[in-house]
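Chains, contacts and geometry: an overview
One letter stands for each residue in the lines below.
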Amino acid sequence: MFAPNLLEGRVALVTGGGTGICRGIALAFAAHGCDVAITSRTMEHLEPTVAELRATGRRAIAKAADVRDPAAVTDVVNATVAELGRLDILVNGAAGNFICLAENLSPNGFGTVVDIDLKGTFHVSKAALPHLRAHGGSVVNISATLPYLGTMGQSHAAAAKAGIDSLTRTLACEWGPYGIRVNGIAPGPIEGTEGVRRLTNEQSRESAIRGNPLGRMGTIDDIANASLFLCSEAASFVNGVTLVVDGGLWLRSARILGD
Ligand code: COA
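Describing the nonpolar core
Core analysis: the largest hydrophobic core is formed by 33 residues, its most contacted members being Phe29 and Ile38. At the level of elements, β1 (11-15), α1 (20-31), β2 (35-40), α2 (43-55), β3 (60-64), β4 (89-92), β5 (137-142) and α8 (220-231) are the ones that each hand at least two residues to this core. Those residues within four positions of Ile38 in sequence are excluded, and the remaining contacts are Leu13, Val14, Gly17, Gly18, Ala26, Leu46, Thr49, Val50, Leu53, Ile61, Ala62 and Lys63. Listed in part, the 27 residues of the second largest apolar core include Ala37, Leu90, Val124 and Leu171.

Spelled out as structure tokens, the structure:
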């Protein structure tokens, strides 16, 4: 679908890059000539993926950090530049979620998801800014379609993702003059991910397929391809958008979480 080596000579940092969608993004970037740093809370999640990344022939590093800790993410960004030479692309994918109705959710439960998803996106973006600003670059924030409708059991995650979409638009305006494009991707349910395992059951997965205009679940490759587009020259005039990659599911129905 894409010409080879769309990201030749670039260096990317992918948060949450050890598993799921973000592992797929990291591997797609490496397949297109990009050196890649990945981070998540535990090395256990990162080690198999960094080995896969190196097996593609690209340089790759893995550093454990919690995106809730601004000092820790600054260390990861600095290590990326020290070991891989520069930073051109940031993918903010680290996220946490669970289903819980607002009436049962504790203040700390709500705050934890906002801290990881929204504040984590801010912390890593801010840490990356001086390096991206040196020569221009691209940021992709992984969002969700949850806030477009009143998705029950997701008050915490929907609020956090709506905040991310707002941050995407603001940073696109503030950082565009530095040659940094800031965009987002809102995936629908993606098969084979922890998100789908945590948030859906067999019945809701069937209804997500039946209700989808394209008649299937999303794949990790669908999101990796969208990320490649947004980070490549093919999207050089795309700034401040959150690209929905869900086959049109949210336009048809909010009923994807089990009711
Ligand atoms: N239902 C209701 N509340 C929950 C919950 C659930 N299923 N899971 C956690 N919480 C609450 C906890 O009770 C706690 O609040 P409290 O102190 O008032 O009791 C708060 O959330 C923090 O939980 P804790 O387990 O201490 O946080 P953590 O930082 O270790 O974990 C999470 C973060 C909660 C997001 C956890 O689910 C996680 O680590 N997820 C990572 C992977 C992931 O979610 N991937 C899916 C992406 S779609």
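That covers the picture; the talk isn't over yet.
Some thoughts on the environment of Thr15
Checked against the element boundaries, Thr15 lands in strand β1. Through-space distance from the C-alpha of Thr15 to that of Gly57 is 21 Å; in sequence the pair is 42 residues apart. Once you skip the residues sitting within four places of it in the chain, Thr15 turns out to touch Cys22, Thr39, Val67, Leu90, Val91, Asn92, Gly93, Ala94 and Val124.

Overview of the sheet that holds strand β6 (residues 180-187)
Strand order in the open sheet formed by seven strands is β3-β2-β1-β4-β5-β6-β7, with parallel pairing between adjacent strands. Whereas interior strands pair on both sides, the edge strands pair on one side only; in this sheet they are β3 and β7 (242-245). Direction aside, the axes of adjacent strands within the sheet are offset by 15° on average. In this sheet, β7 lies alongside β6 in parallel orientation, the contact comprising four bridges. Pairing of Ala186 across the sheet is with Val244, part of β7. Along the sheet, helix α5 (residues 155-175) makes contact with β5, β6 and β7, crossing β6 at roughly 160°.

Scoring rules and cut-offs
Residues numbered from 1 in each chain as written. Predicted model: local features only at pLDDT ≥ 70, side-chain atom pairs only at ≥ 80, totals over all residues. Heavy atoms only, no water. Core = buried A, V, L, I, M, F, W, Y, C linked by side-chain atoms within 4.5 Å. Buried < 20%, exposed > 50% of the residue type's maximum accessible area, 1.4 Å probe, protein only. Helix = DSSP H or I, 4+ residues; strand = E, 2+ residues; numbered from the N terminus. Contact = heavy atoms within 4.5 Å. Pairing = 2+ DSSP bridges. Axes fitted to C-alpha atoms, helices over the stretch in contact; angles between N-to-C directions.

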